[in-house]
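Fold and geometry: a report
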Amino acid sequence: GNSVTQMEGPVTLSEEAFLTINCTYTATGYPSLFWYVQYPGEGLQLLLKATKADDKGSNKGFEATYRKETTSFHLEKGSVQVSDSAVYFCALRSWDDMRFGAGTRLTVKP
Amino acid sequence: DTGVSQDPRHKITKRGQNVTFRCDPISEHNRLYWYRQTLGQGPEFLTYFQNEAQLEKSRLLSDRFSAERPKGSFSTLEIQRTEQGDSAMYLCASSLEQALEIEAFFGQGTRLTVV
């Protein structure tokens, strides 16, 4: 079956540090890949997505590239802010279902 | 359209009682998912509907759990004879089936506490 594995947290960074959260997947066919973010006390919301190999999704300074050869979709940001503190979930969507990783909690300190 | 809405937002129940949650998806979305999320974990897939048809059920969904989407619009998730291990956030999401690139939109969830 389909599955998503992402880097375990928590991750604590200082403001303006570089962020990488690793995500790898297992899927049949050609899924779409997503990063969702969950801010404290809020629901899951889409951060970015990529729908085919070599696509790069980007939003709010975050980026992730769909790498079919390594089955990865790592999330990066060049300079994090305190307001980026949240839980980040990698997800894949196939025709059969939508699966999520366990989530990575990011805390950014001033 | 205000997005996916779930009701209630919070539910506290005694062990052994039955509970029912409702999800109203985005109106034109034909696919509806139910997930369970416990503290520190990602959403775990429970089941999904395409229109009124329930197409897949996770093995996490024991016989005490049942979900319906009778008219292909709103959905209900019922848990019978609740157990303390059922305490979790229950999330509903909806999307369009026709396009994989369309993301799923989530509701705020129903937090269940079984005491």
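Moving on to the side chain of S94(B). Residues and elements named next belong to chain B. Assignment of secondary structure puts S94 in strand β9 (residues 88-95). Looking at S94, its side chain comes within polar contact range of the side chain of H29, at 2.8 Å. Once you skip the residues sitting within four places of it in the chain, S94 turns out to touch V4, P25, I26, H29, R31, L32, E103, A104 and F105.

Before going further, it helps to spend a moment on the confidence of the model for chain B. Residue-level pLDDT values for chain B average 91, and 98% of them are 70 or greater. Here strand β6 (residues 53-57) of chain B is the element of chain B with the lowest mean pLDDT, 87, and strand β3 (residues 19-24) of chain B is the one with the highest, 98.

Listed per partner, the contact involves 25 residues of chain B and 22 residues of chain A. A buried area of about 1,900 Å², summed over both sides, lies between chain B and chain A, and 50% of it is on carbon and sulfur atoms. Of all residues in chain B, L100(B), E103(B) and F106(B) bury the most surface against chain A, accounting for 32% of the area lost on that side. Two residues, R99(A) and E56(B), come together in a salt bridge whose shortest N-O distance is 3.3 Å.

All names here are of chain B. Checked against the element boundaries, V114 lands in strand β11 (residues 110-114). Taking the C-alpha atoms as reference points, V114 and A88, separated by 26 residues in sequence, lie 8.9 Å from one another. When neighbours within four sequence positions are excluded, V114 is seen to be in contact with T13, K14, R15, T82, E83, Q84, D86 and S87.

Residues and elements named next belong to chain B. This model, assessed by the stated rule, comprises two disulfides over all chains. The disulfide partner of C23 is C92, and the gap between their sulfur atoms is 1.9 Å. One disulfide, between C23 and C92, carries an S-S torsion of -65 degrees and so falls in the left-handed class. Taken together, the residues span a long stretch of sequence, with C23 in strand β3 and C92 in strand β9 at a distance of 69 residues. Grouping residues by exposure puts C23 and C92 together as buried.

Each value, and the rule that gives it
Residues numbered from 1 in each chain as written. Chains lettered and ligands numbered in written order. Predicted model: local features only at pLDDT ≥ 70, side-chain atom pairs only at ≥ 80, totals over all residues. Heavy atoms only, no water. Helix = DSSP H or I, 4+ residues; strand = E, 2+ residues; numbered from the N terminus. Polar contact = N/O pair within 3.5 Å; in protein donor to acceptor, adjacent residues only side chain to side chain. Contact = heavy atoms within 4.5 Å. pLDDT = per-residue confidence, 0-100. Buried area = accessible area lost by both parts, 1.4 Å probe. Salt bridge = Lys/Arg side-chain N within 4 Å of Asp/Glu carboxyl O. Disulfide = S-S within 2.5 Å. Buried < 20%, exposed > 50% of the residue type's maximum accessible area, 1.4 Å probe, protein only.

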